[in-house]
Amino acid sequence: MASGVKPRVKVPKSASAGDVITIKTLISHKMESGQRKDDDGNVIPRSIINRFTVDFNGQNVIDVTLEPAISTNPYFEFDSQVPEAGEFTFTWYDDDGDVYTETKAIAIG
Amino acid sequence: MKRASSLAFGLACLASAVHAQDTESKLVINDDIDITTVAEAPAHAENLSEIYSGWAFRSPETMALQMDDFDNPGMIFVDQALDAYNTVEGSAGKSCQSCHGDDAEGLVGARAVYPKWNANAGEVWTMEMAINGCRTERMGAEPWGYTSGNMVNMTALISSVSRGMPVNVSFEGPEHDTWLQGKELYYTRTGQLELSCANCHEDNYDMMIRADHLSQGQINGFPTYRLKNAKLNAVHSRFKGCIRDTRAETYSPGSPEFVALELYVASRGNGLSVEGPSVRN
């Protein structure tokens, strides 16, 4: 696992059915592009988050492909409709095969 | 003549147009912590009538970043510091948490009174010196570099738990000589440009210095996350940058001169809130 990776997510605790809510996500990750060289001139291997998905009760909300030019600590903010109470599942896929997940429940009321 | 007077008029407009410091907006972090960004100047800041946090001089977008911990990129480093805080290091088998409790609760209020006289050492200690004092004396661990990543992150953690509390640095006790030394440094012109701190931050704050909007140079928001370098910056790094910009050879971070200057500058902000980690450009 790449070092210092920590996902964080902000979802309102509750909403009215059918509401559109704003979700903020951030994962601390160095997002090494693979273009840089170290002091000895060797290429620093690429190590990035390459995919980010969010599901709500099993239904996909967004699915993002990340490219090497995205800077360190990638941040996503997006809107989602909440038809019912349930759980958001956030998943980040690392180049080295690691998968980081985070879940947040939201209530109706 | 006519041309000269219209030029003078133009300059006068320009000068007033940059009076853009925002004294209307209120800074409330997480809808919870009220931050004082404008206050009456303390009596010992005799050339100022009001003191302003650097936050008031920034653009609305930058100001907004500080209103929510999720949006404040400095808080990423606070999280990293919390991991270090809970990590046992050194020969004594202790972590910071062993003495200071969970989530730095034992350090609430510390940021507001530092730099502070340390009676055992017989000198003024900054937060960084206190952290290294703990590491070497109590933990038996290696000291951190004065402006190293670990160090500045830890100062951000300690500052974050005191946010909203008024800065209240004392300067009339045994630390008074150091404070006077800091005051002298503040008013001493340095470098090829022959600028003192006061020339920009006291005489000309709220004016533009080329593309930069000059603040009062208050340090209540340190360490600051700067958008220009995407990391936390320690107050001594800022001092060094400022003195370098006067084209002088600078003192080193952690030097007695900078400790004295930090004490003096911090005392000029008595009454503002602890704000770090703040977001600046």
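Use the structure listed above.
Residues numbered from 1 in each chain as written. Chains lettered and ligands numbered in written order. Predicted model: local features only at pLDDT ≥ 70, side-chain atom pairs only at ≥ 80, totals over all residues. Heavy atoms only, no water.

## Description of the overall build of chain A
At step 1: Summing up its helical and strand segments, chain A has zero helices and eight strands in all.
At step 2: Reading the secondary structure of chain A in the N-to-C direction produces β-β-β-β-β-β-β-β.
At step 3: Counting only C-alpha atoms and orienting by the principal axes, one finds that chain A spans roughly 60 × 20 × 20 Å.
At step 4: Counting every atom, chain A has about 6,000 Å² of accessible surface; 46% of that belongs to carbon and sulfur.
At step 5: A distance of 6 Å separates the average location of the 11 positive side-chain charges in chain A from that of its 17 negative side-chain charges. (Helix = DSSP H or I, 4+ residues; strand = E, 2+ residues; numbered from the N terminus. Areas by Shrake-Rupley, 256 points an atom, 1.4 Å probe, with all protein chains shown as cover. Lys, Arg positive; Asp, Glu negative; His and termini not counted. Charge placed at Lys NZ, Arg CZ, Asp CG, Glu CD.)

## Here we look at the sheet that holds strand β5 (residues 59-65) of chain A
All names here are of chain A.
At step 1: The strand order β2-β8-β7-β4-β5 describes an open sheet built from five strands, whose pairing is mixed. In this open sheet, the two strands that pair with only one neighbour each are β2 (14-15) and β5.
At step 2: Pairing analysis gives seven bridges linking strand β4 (residues 49-56) to strand β7 (residues 86-94), with the strands arranged antiparallel. Counted as the bridge partner of Val-54 is Phe-90 from β7. (Pairing = 2+ DSSP bridges.)

## A word on the packing of helix α6 (residues 127-139) of chain B against helix α7 (residues 149-160) of chain B
Residues and elements named next belong to chain B.
At step 1: Between α6 and α7, whose axes approach to 10 Å, the crossing angle comes to 105°. Our classification of the angle between α6 and α7 gives roughly perpendicular. Taken together, the residues of α7 that come into contact with α6 (itself represented by Met-127, Glu-128, Ile-131 and Asn-132) are Met-151, Met-154, Thr-155 and Ile-158.
At step 2: Of the residues belonging to the contact of α6 with α7, the class tally is five nonpolar, two polar and one charged. (Axes fitted to C-alpha atoms, helices over the stretch in contact; angles between N-to-C directions. Parallel < 35°, antiparallel > 145°, perpendicular 65-115°, else oblique. Contact = heavy atoms within 4.5 Å. Nonpolar A, V, L, I, M, F, W, Y, C, P; charged D, E, K, R; others polar.)

## Re the packing of helix α3 (residues 74-85) of chain B against α7(B)
All names here are of chain B.
At step 1: At a closest axis distance of 8 Å, the pairing of α3 and α7 adopts a crossing angle of 100°. With respect to their mutual orientation, α3 and α7 come out roughly perpendicular. Between α3 and α7, the residues in contact are Met-75, Phe-77, Val-78, Gln-80, Ala-81, Leu-82, Ala-84 and Tyr-85 and Asn-153, Met-154, Ala-156, Leu-157 and Ser-160, respectively.
At step 2: Looking at the contact of α3 with α7 residue by residue, the class counts come to 10 nonpolar, three polar and no charged.

## Let's talk about the interface of chain A and chain B
At step 1: With 10 residues of chain A at the interface, the matching set in chain B holds seven residues.
At step 2: Between chain A and chain B lies a buried interface of about 760 Å² when both sides are counted; carbon and sulfur atoms form 54% of it.
At step 3: Counting the contacts that link chain A with chain B gives four salt bridges.
At step 4: Residues Asp71(B) and Lys24(A) are paired through a salt bridge, measuring 3.1 Å at the closest nitrogen-oxygen approach.
At step 5: Counting every contact that joins chain A to chain B gives four residue pairs in polar contact (both at pLDDT 80 or more).
At step 6: Counting residues per element, the ones that place at least two in the side of chain A that touches chain B are β1 (6-10) and β3 (19-28) of chain A.
At step 7: Here the residues of the side of chain A that touches chain B sort into three nonpolar, three polar and four charged. (Buried area = accessible area lost by both parts, 1.4 Å probe. Salt bridge = Lys/Arg side-chain N within 4 Å of Asp/Glu carboxyl O. Polar contact = N/O pair within 3.5 Å; in protein donor to acceptor, adjacent residues only side chain to side chain.)

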